[in-house]
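Chains, contacts and geometry: an overview
As a plain string of letters, each chain reads:
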Amino acid sequence: MRILPTGVLSAEDFDRMKGAIQEDRPIVMVSTRGICPEVANSIAQARPEEGYSGKAIVLRPGALEAYRRMVAAAKKEVPEIAADPRNLTIFSGYRSPAADAARCAAEGNCDGIVRARCSPHRTGLALDLYVGQAPGFGPDSSADANRLFMSKTATYRWMVANAHRFGFVNYPFEPWHWEWTGENP
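The paragraphs below set out a description of the structure included in this document. Keep in mind the model is a prediction, meaning the values are calculated, not measured. Residues take numbers from 1 onward in each chain, read along the sequence in its written order. Local features in a predicted model are, by the rule used here, given only for residues with pLDDT of at least 70; side-chain atom pairs are given and counted only at 80 or more, and totals for whole chains, interfaces and linings are based on all residues. Only hydrogens and water are set aside; all other atoms, that is, all heavy atoms of the structure, feed into the side-chain values.

What follows concerns the packing of helix α3 (residues 61-77) against helix α8 (residues 154-162). With axes taken as lines fitted to C-alpha atoms, and helix axes fitted only over the stretch in contact, angles between N-to-C directions fall between 0 and 180 degrees. What counts as a helix is a DSSP run of H or I of at least four residues, what counts as a strand is a run of E of at least two, and both are numbered from the N terminus. The interhelical angle for the contact between α3 and α8, taken along N-to-C directions, is 120°, at an axis separation of 11 Å. By the angle between their axes, α3 is oblique relative to α8. For the crossing formed where α3 meets α8, the hand is right-handed. Side by side, α3 and α8 meet where Met 70, Ala 73, Ala 74 and Glu 77 of the first sit next to Trp 158, Met 159 and Asn 162 of the second. Each residue gets one label: Ala, Val, Leu, Ile, Met, Phe, Trp, Tyr, Cys and Pro are nonpolar, Asp, Glu, Lys and Arg are charged, and the others, such as Gly, are polar. Taken together, the residues of the contact of α3 with α8 sort by class into 5 nonpolar, 1 polar and 1 charged. Roughly parallel here means an angle under 35 degrees, roughly antiparallel means over 145, roughly perpendicular means 65 to 115, and every remaining angle is called oblique. In this scheme the handedness of a crossing depends on how the near helix is turned from the far one: anticlockwise by less than a right angle means left-handed, clockwise means right-handed. Any pair of residues with heavy atoms lying within 4.5 Å of one another is described as a contacting pair.

Below, the structure written as structure tokens:
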């Protein structure tokens, strides 16, 4: 891959980079074989303070324990992360296929049943974390200005540099979306 002096990648290099990043995601490894993972068969309840604004969150037990270790390390290593109690709280974890399909239908902004059927959130291994938000945007807004803002936060930068230590990989087109690789989807 070649980066031009302008910092811009060619379309071909971008596609190669995107492919390499995608290949690290367990859901992609499974779905490229035409398989959509089964619904999580064992889930654990996060503590109220682990959910964004106290939201009830469930994940697979192993993913939840890895998340807890990761958050403890982040808050210990970066005082700026510890200073804002919203940082690294979960605003979405396990979602049943029915709940995902209802959300897709209600919001009209996704590929309906197809996306819901193969969502990484149905595995109980994916979580959406608060990593910051630009003024005027929500913590899961995919607006370019919001994603750029997120990419500059101490929380996101720590995650990019350290989440792998705890078994998490990022879907970089959604800075808030992380998937635990400690179990097969």
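Sheet strands pair by backbone hydrogen bonding; their relative direction is either parallel or antiparallel. Pairing between two strands requires that DSSP report at least two bridges joining them. With antiparallel pairing, 4 strands are arranged side by side in an open sheet as β3-β4-β6-β5. Of all the strands in the sheet, the pair left with one neighbour each is β3 (90-92) and β5 (168-170). With direction set aside, neighbouring strand axes in the sheet form an average angle of 40°. Relative to strand β6 (residues 177-180), β5 runs antiparallel, the two sharing 3 bridges. Looking at β6, one finds that Asn 170 is bridged to Trp 178.

This brings us to the pattern of salt bridges. Every case where a carboxyl oxygen of Asp or Glu lies within 4 Å of a side-chain nitrogen of Lys or Arg is listed as a salt bridge. As enumerated under the stated definition, the model contains 11 salt bridges in all. A salt bridge links Glu 183 to Arg 60, with the nearest nitrogen and oxygen atoms 2.9 Å apart. Of this pair, Glu 183 sits in the segment after β6 while Arg 60 sits in the loop between β2 (58-59) and α3, and the two are 123 residues apart along the sequence. You can call Glu 183 partly exposed: its relative accessible area is 30%. Residues joined by salt bridges that share partners form a network here, namely Arg 47, Glu 49, Glu 50, Glu 65 and Arg 68. Burial here depends on accessible area, computed with a 1.4 Å probe over protein chains only, as a share of the maximum for the residue type. Under 20% is buried, over 50% is exposed, and the range in between is partly exposed.

The next thing to look at is the packing of aromatic side chains. How two aromatic rings sit relative to each other is given by the distance of their centres and the angle of their planes. Between 30 and 60 degrees the pair is tilted, below 30 it is stacked and above 60 it is edge-to-face, where a pair is any two Phe, Tyr or Trp rings, Trp via its six-membered ring, whose centres lie within 6.5 Å. The final tally for this structure, using the stated rule, is 5 aromatic pairs. Taken together, the aromatic side chains of Tyr 52, Phe 91 and Tyr 130 make up a single cluster linked through ring pairs.

A separate point is empty space enclosed by the protein. Only protein atoms enter the 1 Å grid used here. Points where a 1.4 Å probe fits but cannot escape make up a cavity, open sets with protein on both sides within 12 Å along at least five of seven lines make up a pocket, and a residue lines them when an atom lies within 4 Å of a point. Grid points are joined across faces, edges and corners, and a volume is the space filled by probe spheres set on the points. Following the criterion strictly, the structure yields 1 cavity of 30 Å³ or more and no others. The computed volume of the largest cavity comes to approximately 40 Å³. Forming the boundary of the largest cavity are Pro 26, Ile 27, Pro 120, Thr 123, Leu 125, Ala 126, Glu 179, Trp 180 and Pro 185. Going through the elements one at a time, α2 (26-31) and β6 are the ones with two or more residues in the lining of the largest cavity. Class assignment of the residues belonging to the lining of the largest cavity gives a composition of 7 nonpolar, 1 polar and 1 charged.

Let us now look at the pairing of strand β4 (residues 126-129). Covered by surrounding structure in β4 are Ala 126 and Asp 128 together with Leu 127 and Leu 129, the residues of both alternating faces. Strand direction decides the pairing type here: β4 and β6, joined by 3 bridges, are antiparallel. The partner of Ala 126 across the bridge, within β6, is Glu 179.

Quick look at the environment of Ala 44 now. Tracing the sequence through the fold places Ala 44 in strand β1 (residues 44-45). Taking the C-alpha atoms as reference points, Ala 44 and Leu 64, 20 residues apart in sequence, are found 7.3 Å from one another. Excluding anything up to four places from it in sequence, Ala 44 contacts Ile 57, Val 58, Leu 59, Pro 61 and Leu 64.

Quick look at the nonpolar core now. Looking at soluble globular proteins, one finds that nonpolar side chains tend to be buried together. If you look at the biggest cluster of nonpolar residues, it comprises 31 residues, and the most contacted ones within it are Tyr 67, Met 70, Leu 129, Trp 158, Met 159 and Phe 168. At the level of elements, α3, β3, β4, α8 and β6 are the ones that each hand at least two residues to this core. Take this core: its biggest share by element is 8 residues, from α3. Every residue in contact with Phe 168, bar those within four places of it in the chain, is listed here: Ala 63, Ala 66, Tyr 67, Met 70, Leu 127, Ala 163, Trp 178, Glu 179 and Trp 180. Put simply, buried Ala, Val, Leu, Ile, Met, Phe, Trp, Tyr and Cys residues joined by side-chain atoms within 4.5 Å make one nonpolar core.

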